Amino acid sequence: MEIASVIVDVPAKQTDRAFDYLIPDKWRDTIQPGMRVVVPFGPRNIQGFVIELKKESEVKQLREIIEPMDLEPILNHELLALGNWLTENTLCFKIFAYQVMLPAALKAKYEKLVKLAPGVEISALPLSLHSYFVKNGKLDWQDALKNGIVSLLQKETAKGHLEVQYIVKEKVRKKQRKYIRPLVSQAVLTEEMGKLPVNAEKQKQVISFFIERFAPIEMRLLVAELNITASTVKALVGKRILGEEEVEVYRDPYEHRSFERTKPMPLTKDQQTAIEPILNAVEQNLHEVFLLYGVTGSGKTEIYLQSIQEVIEKGQEAIVLVPEIALTPQMVNRFKGRFGDLVAVLHSGLSAGEKYDEWRKIQRKEVKVVVGARSAIFAPFENLGIIIIDEEHETSYKQEEMPRYHARDVAIERAKTYSCPVVLGSATPSLESFARAQKKVYHLLTLPTRMNNQTLPPVEIIDMREELREGNRSMFSRKLFDMLKDRIEKKQQTVLFLNKRGHSSFVMCRDCGYVMNCPNCDISLTYHRVNEQMKCHYCGYESFVPKACPECSSEHIRYFGTGTQKVEDELGKILPEARVIRMDVDTTGRKGSHERLLKDFQDGKADILLGTQMIAKGLDFPNITLVGVLSADTMLHLPDFRSSEKTFQLLTQVSGRAGRHQLPGEVIIQTYTPEHYSVELAGTQDYDLFYQQEMLNRKMHHYPPFYFLSLITISHEQLLAVVSATEKIVNYVQSRLSPEAVVLGPAASPIPRINNRYRYQCLIKYKREPNLTTTLRTILDQYQKDTKSGLQVSIDVNPFILM
Ligand SMILES: Nc1ncnc2c1ncn2[C@@H]1O[C@H](COP(=O)(O)OP(=O)(O)OP(=O)(O)O)[C@@H](O)[C@H]1O
Ligand SMILES: [Zn+2]
Ligand SMILES: [Zn+2]
């Protein structure tokens, strides 16, 4: 085959298709589908993915591939096909569909060089430029920028003296280590030692080291062990007595950690009943989607582990997805503890190099299990036996940028290909999944009770308005305060949870109500105490905290809302004896800090673990007997039809941290809206009732799971331009869909302006619309082609965020 179809790295409407290239003779045996190649594209050299090889092309004049970037395919056939599916289903550019499957380290970076045009002598250039090109006729673009000679270079380029070259660079090299090994036998080593001059003390030392230990050793260790310099070793390498070689090493983030190995536990009767259909599907290679609905602490993880065991024994592979914030060391330990080195871990806490190394282990089939966050769903396994998604209701499984995919959908698509089961696990399944289980689309498995039949901890809901009425202005109700004190006396532990999502700490004037907003976006600035600054989370705008209100000059302008730091300060005042560990983005920024804080808490070095979302899941410590939620309702009031669902899920999750072992637990939920059903039902931990109630709501308002949604967002610097474009789009959509579809808009987005661009939207609710995809494509095509208008249109199919 001499022609390759290539998807090029130019994310634009016009280039969103395969381009044919000729494979030069020397690469004909090398280049395969799934490899990356460097190809000429217009005046540049860029990266692309080979998606197929063929004999003929409709294009007459084909350009040649410049070179391959990989020695073996990095995308297998299945992933190449999955790329098409992603493109179809999320309406993204093909190049994005492939890039999302790779670790960041493999995403291309281009370096730009200016060099002498072929056949041009340096003397043709003006004198002032000579010094830049004498060395090798090339100049790095960055250096050109630094030296301010770009316009000069431009003139010479116009004359044909210089040309620009793009070089595609990989971001990360494989990590190599230099090893030294003997090249000759021990006898010859002894001989060589005799020949050395008397004063070559150090060299003799090295040789005798190798006589004794006739094996390769890392240079770094050798030098350290013998207290010598590398030049001594190099001298012997020069004499060809020793040899040096580069050996690829993996950067294993868990390198110096030992994992206590665990054995499968005898399953309880409920677990046994739940696991059987899963094992059956594994054994018979059946594609089936299971919804494992088990209350917190019911032993879902053990079911995952034993299902995976079966898959490994069959010689197959497993993917386990865990939400990023639940991917704690404790979680990793449970998998590493059972399967040891057969487990690769992929999460955002790893450096790009570490992620790449884990990915390579998967690609080389050195591991059988990958545990990771959303993007691990693209792990390049080729013999999948099961895909597990823990906490399947978590919204972080939906990617919010192109390709806007949901990991659950990708999992089901891949599992169909491999004819293997998918297990979705949750104590609070998403309404979509539970509804599918009710309709028998998914196979429902239930774990109704906790391990050891511990009851779920009793939950008490405290009305904070009542507290205020009775003169308690603190953020702690009297009840919570008493219980905190009680636990400290009993030497038991407490988890204090502060819901930060959607509740930013803003600055407000207490006299006139003025709130400091971002000048570019219609949203309040967030107060950061560390550097006393106000920051916009959408555009990055920063400002100092004003001393007086810009509106009314009052000095009563101050930081409002409750951050974790503020809670910590207050705890210090009212309970000075409490030892507190605070976990939030500020205290867990550095690598390993998350783990250390949890370890300290586990070791009993603190009475109270205070934190945000990141402590809501996965924690399984025996000494936690109290969970306090400081304000339950902070995210009830977001403009999001899922806000009740999210509140219920979160409260249930947090409550589930208490009393998981011998000691019974209790939960206190503080709220300003105790009458809201999602707070009330979280109190009784009654998922089934919540499900019924929420389904009624969704049905009434035409939301999922009764209707599908698609969201079109349009933005422009001028308000009039957005409004009229949105109007056109709404009319067009209406004309193309059936009367059953509900087309809403034009309406301003909940955040009506970001970074000085006005935002409008059109929301489509529908049941079955065969025309929808082509309609949406047409809209995208139209606006992505027309780059001059300045309009930006984005489409989210099944959106999770309606902002
Ligand atoms: N068959 C078993 N025998 C004994 N102990 C078990 C068994 N299965 C699970 N456990 C233990 O019960 C506890 C709770 O189980 P696990 O953490 O798997 O529950 P979970 O449903 O995943 O909880 P959550 O959803 O809250 O994370 C753990 O400490 C686990 O080791
Ligand atoms: Zn004011
Ligand atoms: Zn902003």
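Rules used throughout
- Residues numbered from 1 in each chain as written.
- Chains lettered and ligands numbered in written order.
- Predicted model: local features only at pLDDT ≥ 70, side-chain atom pairs only at ≥ 80, totals over all residues.
- Heavy atoms only, no water.
- Helix = DSSP H or I, 4+ residues; strand = E, 2+ residues; numbered from the N terminus.
- Expected span 1.5 Å × (residues − 1).
- Salt bridge = Lys/Arg side-chain N within 4 Å of Asp/Glu carboxyl O.
- Buried < 20%, exposed > 50% of the residue type's maximum accessible area, 1.4 Å probe, protein only.
- Phe/Tyr/Trp six-rings, centres within 6.5 Å; stacked < 30°, edge-to-face > 60°.
- Lys NZ or Arg CZ within 6 Å of the ring centre and 35° of its normal.
- Pairing = 2+ DSSP bridges.
- Axes fitted to C-alpha atoms, helices over the stretch in contact; angles between N-to-C directions.
- Contact = heavy atoms within 4.5 Å.
- pLDDT = per-residue confidence, 0-100.
- Polar contact = N/O pair within 3.5 Å; in protein donor to acceptor, adjacent residues only side chain to side chain.

- Identification of the chain as Replication restart protein PriA from Neobacillus vireti LMG 21834 is taken from an unreviewed UniProt entry.

**So, helix H17 (residues 478-490)**
Phase 1: Given a rise of 1.5 Å per residue, 13 residues ought to cover 18 Å, and the 18 Å separating the end C-alpha atoms of H17 matches this to within 8%.
Phase 2: Downstream of H17 by a residue or two, Lys491 has a phi angle that is positive, lying close to 60°.

**Some points on the pattern of salt bridges**
Phase 1: Counted under the stated rule, the structure contains 30 salt bridges.
Phase 2: Salt-bridge contacts for Arg364 lead to Glu366; the nearest nitrogen and oxygen are separated by 3.6 Å.
Phase 3: Residue Glu366 is classed as partly exposed on the basis of its relative accessible area, which comes to 36%.
Phase 4: Between Asp486 and Arg487 there is a salt bridge, with its nearest N and O atoms 3.0 Å apart.
Phase 5: Owing to a relative accessible area of 5%, Arg487 belongs among the buried residues under this scheme.
Phase 6: Residues joined in a network through salt bridges with shared partners are Asp486, Arg487, Lys490 and Glu666.

**A short note on the packing of aromatic side chains**
Phase 1: Summed over all chains, the structure comprises 17 aromatic pairs.
Phase 2: When the ring of Tyr293 is compared with that of Phe434, the centres are 5.4 Å apart and the planes differ by 80°; the resulting orientation is edge-to-face. Taken together, the residues span a long stretch of sequence, with Tyr293 in strand E12 (residues 289-294) and Phe434 in helix H15 (residues 431-438) at a distance of 141 residues. One exposure class covers both Tyr293 and Phe434, and it is buried.
Phase 3: Summarising the aromatic geometry, the rings of Phe434 and Tyr687 are spaced 5.0 Å apart at their centres and angled 75° between planes, so their arrangement reads as edge-to-face. Taken as a pair, Phe434 in helix H15 and Tyr687 in helix H22 (residues 687-700) lie far apart in primary sequence, 253 residues in all.
Phase 4: You can call Phe434 buried: its relative accessible area is 3%.
Phase 5: On the accessibility criterion, Tyr687 (4% relative accessible area) is buried.
Phase 6: Members of the aromatic cluster, joined through ring pairs, are Tyr293, Phe434, Phe648, Tyr677, Tyr687, Phe690 and Tyr691.
Phase 7: Sitting above the plane of the Tyr703 ring, Lys765 keeps its charged end 4.1 Å from the centroid.
Phase 8: Over the face of the ring belonging to Tyr707 we find Lys767, whose NZ or CZ atom lies 4.7 Å from the ring centre.

**Description of the sheet that holds strand E32 (residues 757-766)**
Phase 1: Strand order across the open sheet formed by 4 strands is E31-E32-E30-E33, with antiparallel pairing between neighbours. The open sheet has two edge strands with one neighbour each: strand E31 (742-754) and strand E33 (792-797). The sheet shows a mean angle of 20° between the axes of neighbouring strands, direction not considered.
Phase 2: Sheet topology places strand E30 (residues 708-716) next to E33; 6 bridges connect them, and they run antiparallel. Pairing of Ile714 across the sheet is with Val793, part of E33.
Phase 3: Helix H23 (residues 719-736) contacts E30, E31, E32 and E33 of the sheet and is inclined by roughly 15° relative to E32.

**Section: the confidence of the model for the chain**
Segments scoring low in pLDDT should not have their predicted coordinates read at a detailed level.
Phase 1: Mean pLDDT over the chain works out to 87, with 93% of the residues at or above the 70 mark.
Phase 2: Reported confidences for the modelled complex are a pTM of 0.79 and an ipTM of 0.94.

**Here we look at the side chain of Asp463**
Phase 1: Looking at the element boundaries, Asp463 is found in strand E19 (residues 459-463).
Phase 2: Side-chain polar atoms of Asp463 contact the backbone nitrogen of Arg465, separated by 3.0 Å.
Phase 3: In this view, Asp463 contacts Thr671 and Pro674; residues no more than four positions away in its chain are not counted.

**Topic: the environment of Ala326**
Phase 1: Inspection of the secondary structure assignment puts Ala326 in the loop between strand E13 (317-321) and helix H12 (329-339).
Phase 2: Since its relative accessible area comes to 2%, Ala326 is described here as buried.
Phase 3: For the pair formed by Ala326 and Ala373, sequence separation is 47 residues and the distance between their alpha carbons is 9.0 Å.

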